[in-house]
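# Structure at a glance
Each chain, written out:
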Amino acid sequence: MKQTQAITGILEQLVNIPSPSGYTEACIDHCATYFEDLEVPAYKTKKGALIATLEGEDNTQQRLLTAHVDTLGAMVKEIKSDGTLKLSMIGGFRWNSVEGEYCEIHTASGATYSGTILMHQTSVHVYKDGGEAKRNQENIEVRVDAEVHNAQDTKDLGVQVGDFVSFDPRFQVTDNGFVKSRHLDDKASVAILMHLVDTLKEEGVVLPYTTHFYISNNEEIGYGGNASIPEETVEYLAVDMGAIGDGQTTTEYIASICAKDSSGPYHYGLRQHLVQLAEHNDIGYEIDIYPYYGSDASAAIRAGADVKHGLIGPGIDASHAVERTHVSSLEHTFNLLFAYVQSELVE
């Protein structure tokens, strides 16, 4: 219980820091401060990611674990004549998944305005066929919480095309252990990695191999962890959400081990190693295939990284919408990672 409370505490802080892809600096800085407080060396890459490192007994062969803080979001595409905002997506969500969501508009001047994402044809007392209108970029708009009557009023607030828009996470942990929030993909995994580093430091664990913890910041747009990989890296493990739905084995209560996603199979030996660790340590897991999915590990392979790559993560329901997992999934994923970083490399 203490372990899951620590993870959910870190997670709540993370999801409440807006970080749509392209606007992640504050969240990366938060993670950097966390590692600094643990006296774990970390540095930012040129693309704005963060790499923290724990030295191990063997520095010639190394591991890298990654999770991403960037989330879905949007940008202001157009300021409409009535002062509302048209949006352009950041990341792959469906428009209906954000209808009715509270949001924030982050202006270049540093001012932030709240708003609500709505269909233009929302009022049932005005639009008879509003329910049949398509949920798309043309009909979805942001109602800004300011007195605006036209486009110029909105511009006078400092709002302009290209401003980032973040979604209200609505984080909640229920009494029976469910964690509900936007952006569990992939801040749940970031929280697990951060707590893992804390635990290793607190318990004085000396890792067999130098291990890097790569906090990626562009995964949702396809190229988060594909660069700045230390040359000595032999194994690259992405920690990202396990997808739940029809035909999937993953649940909200276990750790998901991915065998294949849209990029192809993951390294078979590394996958089997993770399965053996789970079984040996009584860790709940399922093996799954994610048909419409790509990870930072697959992005690294596409970029030419010569590593053994794998993918695990907590099971997340309703991905890219209002997501949910259970603390038991966070715990199983943590325990699998704790065993993995202390294990031998795959031959």
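Here we summarise the structure given alongside this text. (Residues numbered from 1 in each chain as written. Predicted model: local features only at pLDDT ≥ 70, side-chain atom pairs only at ≥ 80, totals over all residues. Heavy atoms only, no water.)

The next thing to look at is the layout of surface pockets. Counted as a void, the largest pocket has a volume near 710 Å³. Every residue lining the largest pocket is counted, 25 residues in all, and those nearest its centre are M241, Y292, Y293, S319 and H320. Each residue belonging to the lining of the largest pocket can be placed in one class, and the counts come to ten nonpolar, nine polar and six charged. In this structure, the second largest pocket is lined by 20 residues; those nearest its centre are E104, S166, F167, D168 and P169. Looking at the lining of the second largest pocket, the elements that each hand over two or more residues are β6 (102–106), β7 (112–119) and β9 (164–167). Top element by residues in the lining of the second largest pocket is β6. It accounts for three residues. Residues of the lining of the second largest pocket, tallied by class, amount to nine nonpolar, seven polar and four charged. (1 Å grid on protein atoms, 1.4 Å probe; cavity = no way out; pocket = protein on both sides within 12 Å on 5 of 7 lines; lining within 4 Å. Points joined across faces, edges and corners; volume = space filled by probe spheres on them. Nonpolar A, V, L, I, M, F, W, Y, C, P; charged D, E, K, R; others polar. Helix = DSSP H or I, 4+ residues; strand = E, 2+ residues; numbered from the N terminus.)

Further remarks concern the environment of G284. As for its position among the elements, G284 is in the loop between α5 (268–280) and β17 (285–289). Considering only alpha carbons, one finds G284 and F164, 120 residues apart in sequence, at a separation of 39 Å.

Moving on, we come to empty space enclosed by the protein. In total, this model carries one cavity of 30 Å³ or more according to the counting rule given. As a volume, the largest cavity reaches approximately 60 Å³. In terms of lining residues, the largest cavity is bounded by T71, L72, F167, R182, H183, D185, E220, H320, A321 and E323. Its residues assigned to classes, the lining of the largest cavity comprises three nonpolar, three polar and four charged.

Right, let's talk about unusual backbone geometry for a bit. Of the consecutive residues D185 and D186, the connecting peptide bond is found in the cis state with omega at 10°. With respect to the element layout, D186 can be found in helix α4 (residues 184–202). At D282, a position not held by glycine, the phi torsion is positive, near 55°. Here D282 lies in the loop between α5 and β17. Look at H320: it is not a glycine, yet its phi comes out positive at around 65°. Along the chain, H320 turns up in the loop between β18 (308–316) and β19 (323–326). Residue classification places H320 among the partly exposed positions, given a relative accessible area of 21%. (Buried < 20%, exposed > 50% of the residue type's maximum accessible area, 1.4 Å probe, protein only.)

Time to look at the side chain of D288. Its place among the elements puts D288 in strand β17. No salt bridge is formed by the buried D288; the nearest opposite charge belongs to R271, separated by 11 Å. (Lys, Arg positive; Asp, Glu negative; His and termini not counted. Salt bridge = Lys/Arg side-chain N within 4 Å of Asp/Glu carboxyl O.)

Per the stated rule, a full pass over the model turns up seven aromatic pairs. Considering the side-chain rings of Y290 and Y293, the 4.6 Å spacing of their centres and the 40° angle between planes classify their relative orientation as tilted. With a relative accessible area of 9%, Y293 lands in the buried category. Positioned over the ring face of Y340 is R63, at 4.3 Å from the centre of the ring. The cationic tip of R324 hangs over the ring face of F178; the distance from NZ or CZ to the ring centre is 3.9 Å. (Phe/Tyr/Trp six-rings, centres within 6.5 Å; stacked < 30°, edge-to-face > 60°. Lys NZ or Arg CZ within 6 Å of the ring centre and 35° of its normal.)

Moving on: the sheet that holds strand β10 (residues 172–173). Read across the sheet, three strands follow the order β10-β11-β19 without closing on themselves; strand pairing throughout is antiparallel. This sheet does not close on itself; its edge strands, each paired only once, are β10 and β19. As defined by bridge partners, β10 adjoins strand β11 (residues 178–181) across two bridges and the pair is classed as antiparallel. Residue Q172 lies in a different strand from β11, and its bridge partner there is K180. Sheet strands in contact with α4 are β11 and β19, and its direction is about 30° off that of β19. Lying over the sheet, helix α7 (residues 327–340) contacts β11 and β19, oriented at roughly 65° with respect to β19. (Pairing = 2+ DSSP bridges. Contact = heavy atoms within 4.5 Å. Axes fitted to C-alpha atoms, helices over the stretch in contact; angles between N-to-C directions.)

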